[in-house]
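Structural features, examined
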Amino acid sequence: MSDQATQQARDRENEALGMAEAARHMDEIQRKYPDWYAMYDLVMPDSLASRSEMAELWATAPTPWAQALIYGKFTIRQEIAAHTGIPFV
């Protein structure tokens, strides 16, 4: 197996482990905090949520993992705005 194929195999394994962990956290949040999860699902923080909705999700995040998730999405939205010139409001 080439070095590149070996690295790709490691990457697939790491990505699968990361996705499984993220899915576990989201399943737990959906089960334990259905109201917060419903808002998260409704406002679509990856693309459509307003800055105000994102701030509310961040402030009310029920777990440290959820807070970090929203922080990541918030900062990505800021970067997209900076690069596209389309305000994140």
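Right, let's walk through the structure included here. Starting afresh in each chain, residues are numbered from 1 along the sequence in its written order. Since the coordinates come from a predicted model, pLDDT governs what is reported: local features require at least 70, and pairs of side-chain atoms require 80 or more to be given and counted, while whole-chain, interface and lining totals use all residues. To obtain the side-chain values, all non-hydrogen atoms of the structure were included, while hydrogens and water were left out.

1. So, the overall build of the protein
The criterion, for reference: Only DSSP runs of H or I covering at least 4 residues are called helices, and only runs of E covering at least 2 are called strands; the numbering of each starts at the N terminus. Note on method: radius of gyration uses C-alpha positions; expected globular size equals 2.2 Å times residues raised to 0.38. For every residue, the accessible area (1.4 Å probe, protein chains only) is compared with the maximum for its type, and the residue is labelled buried under 20%, exposed over 50%, or partly exposed between those bounds.
From N to C terminus, the protein includes four helices and zero strands. Mapped in sequence order, the helices and strands of the protein form the string α-α-α-α. Against the compact-globule benchmark of 12 Å for 89 residues, the protein has a radius of gyration of 16 Å, which places it well outside the compact range. On the principal axes, the C-alpha backbone points of the protein span a range of 50 × 40 × 20 Å. Evaluated residue by residue, the protein yields a buried proportion of 24% over its 89 residues.

2. Structural notes on unusual backbone geometry
Apart from glycine, the bulk of residues carry a negative phi angle, and the bulk of peptide bonds sit in the trans form. Here methionine 44, not a glycine, exhibits a phi torsion of approximately 55°, which is positive. Mapped onto the elements, methionine 44 comes out in the loop between helix 2 (34-43) and helix 3 (51-60). Judged by its relative accessible area of 42%, methionine 44 falls in the partly exposed class.

3. Quick word on the environment of histidine 25
Note the following rule: Nitrogen and oxygen atoms within 3.5 Å of one another constitute a polar contact, given that in protein one can donate a hydrogen and the other can accept it, and given that sequence-neighbouring residues count only through two side-chain atoms.
Structurally, the position occupied by histidine 25 is in helix 1 (residues 3-32). With 41 residues separating them in the primary sequence, histidine 25 and alanine 66 have C-alpha atoms 8.2 Å apart. Side chain to side chain, histidine 25 and arginine 24 meet in a polar contact 3.4 Å long.

4. Quick look at the packing of helix 1 against helix 4 (residues 64-84)
To be explicit about the condition: What counts as an axis is a line fitted to C-alpha atoms, over the stretch in contact for a helix, and the angles between N-to-C directions run from 0 to 180 degrees. Each angle is binned into one of four classes, with values under 35 degrees roughly parallel, values over 145 roughly antiparallel, values of 65 to 115 roughly perpendicular, and all other values oblique. Here is the rule for handedness: rotate from the far helix to the near one, and if that takes an anticlockwise turn smaller than a right angle the crossing is left-handed, while a clockwise turn gives right-handed. Whether two residues touch is decided by their heavy atoms; if any such pair falls within 4.5 Å, the residues are in contact. In the scheme used here, Gly and all other residues not listed as nonpolar or charged are polar, with Ala, Val, Leu, Ile, Met, Phe, Trp, Tyr, Cys and Pro taken as nonpolar and Asp, Glu, Lys and Arg as charged.
One can describe the packing of helix 1 onto helix 4 by two numbers: an axis separation of 10 Å at closest approach and a directional angle of 110°. By the angle between their axes, helix 1 is roughly perpendicular relative to helix 4. Crossing angle aside, the handedness with which helix 1 passes helix 4 is left-handed. Of the residues in helix 4, those in contact with Ala22, His25, Met26 and Ile29 of helix 1 are Trp65, Ala66 and Leu69. Across the contact of helix 1 with helix 4, the residue classes break down as six nonpolar, one polar and no charged.

5. Examining helix 2
We count it as follows: Directions drawn from the helix axis to the C-beta atoms are what define this arc.
Looking only at helix 2, the buried set comprises Trp36, Tyr37, Met39, Tyr40 and Val43. Taken around the axis of helix 2, the buried residues stretch over an arc of 160°, which confines them to a single face. In helix 2, the exposed positions angled more than 90 degrees off the buried face are occupied by Asp35, Asp41 and Leu42. Next to the buried residues of helix 2 lie helix 1, helix 3 and helix 4. Just past helix 2, the residue methionine 44 takes up positive phi, approximately 55°.

On their own, these measurements won't tell you what the molecule is for.
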